[in-house]
Amino acid sequence: MRVIAGTARSLKLKTPEGLDTRPTTDRIKETLFNMIQMDIPDGVFVDLFSGSGAIGIEALSRGARHAYFVENAKEAVSCIQENLAFTRLADKATLLKQDVSGALSLISEKKVDIVFMDPPYQADVESNVFAALKMQQYVTEDTKIIVEAELSKNFEFLNEFGFEVIKEKKYKTNKHVFCRKVN
């Protein structure tokens, strides 16, 4: 796995060993960033369930002003720290070593441009995360929320939390669901 574009382009990233993390492939990552590239420069990016940190690091490499990484698995946290140091992007990053629901209230920004989440598919935590996001002042109608999920994952629950799906991008085995807060 590598950084695709920007200041850290072509640098190889470490990934946590084992089956607890499922890194986004370079091809899917490139497709995702082609869709959101205009929202990244000078923006604030939040990478929930960060794993190796590859998505947030890609955002920083492409010009994000700051990225928050939220991860509670010990090995993954070490991996994120090593990857941030290796890419020389640590000074633009905040690593929150805890559960996503608790970490969201620790993000001190007026506005977040993009929230990306790639939770474990079988954990079924998306509705809990959206319930927590609803309470955050930095999540506005302009904040893009992107969820990497199984193809079969249903997002009908979003309405009850004040969010809506604005687009879906399907791949062979998973999809990216783009959401936003409704006025």
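Rules used throughout
- Residues numbered from 1 in each chain as written.
- Predicted model: local features only at pLDDT ≥ 70, side-chain atom pairs only at ≥ 80, totals over all residues.
- Heavy atoms only, no water.
- Pairing = 2+ DSSP bridges.
- Helix = DSSP H or I, 4+ residues; strand = E, 2+ residues; numbered from the N terminus.
- Axes fitted to C-alpha atoms, helices over the stretch in contact; angles between N-to-C directions.
- Phe/Tyr/Trp six-rings, centres within 6.5 Å; stacked < 30°, edge-to-face > 60°.
- Buried < 20%, exposed > 50% of the residue type's maximum accessible area, 1.4 Å probe, protein only.
- Lys NZ or Arg CZ within 6 Å of the ring centre and 35° of its normal.

A. Broad picture of the sheet that holds strand 1 (residues 44–48). The strand order 3-2-1-4-5-7-6 describes an open sheet built from seven strands, whose pairing is mixed. The open sheet is flanked by strand 3 (93–96) and strand 6 (163–170), the only strands paired with a single partner. Adjacent strand axes in the sheet meet at a mean angle of 20 degrees, parallel and antiparallel pairs treated alike. As judged from the four bridges shared by strand 2 (residues 66–70) and strand 3, these two strands associate in the parallel manner. Pairing of Val70 across the sheet is with Leu96, part of strand 3.

B. Layout of the packing of aromatic side chains. Counted under the stated rule, the structure contains five aromatic pairs. Residues Phe33 and Phe45 carry aromatic rings whose centres are separated by 6.3 Å and whose planes lie at 20 degrees to one another, so their mutual orientation is stacked. Within this pair, whereas Phe33 is found in helix 1 (residues 26–36), its partner Phe45 is found in strand 1, the two being separated by twelve residues in sequence. Here the two residues Phe33 and Phe45 agree in accessibility, since each one is buried. For the pair Phe155 and Phe157, a centre-to-centre distance of 5.7 Å together with 35 degrees between the ring planes defines the contact as tilted. Aromatic ring contacts, followed pair by pair, group Phe130, Phe155, Phe157, Phe161 and Phe163 into a single cluster. Taking NZ or CZ as reference, Lys167 lies 4.9 Å from the ring centre of Phe178, over its face.

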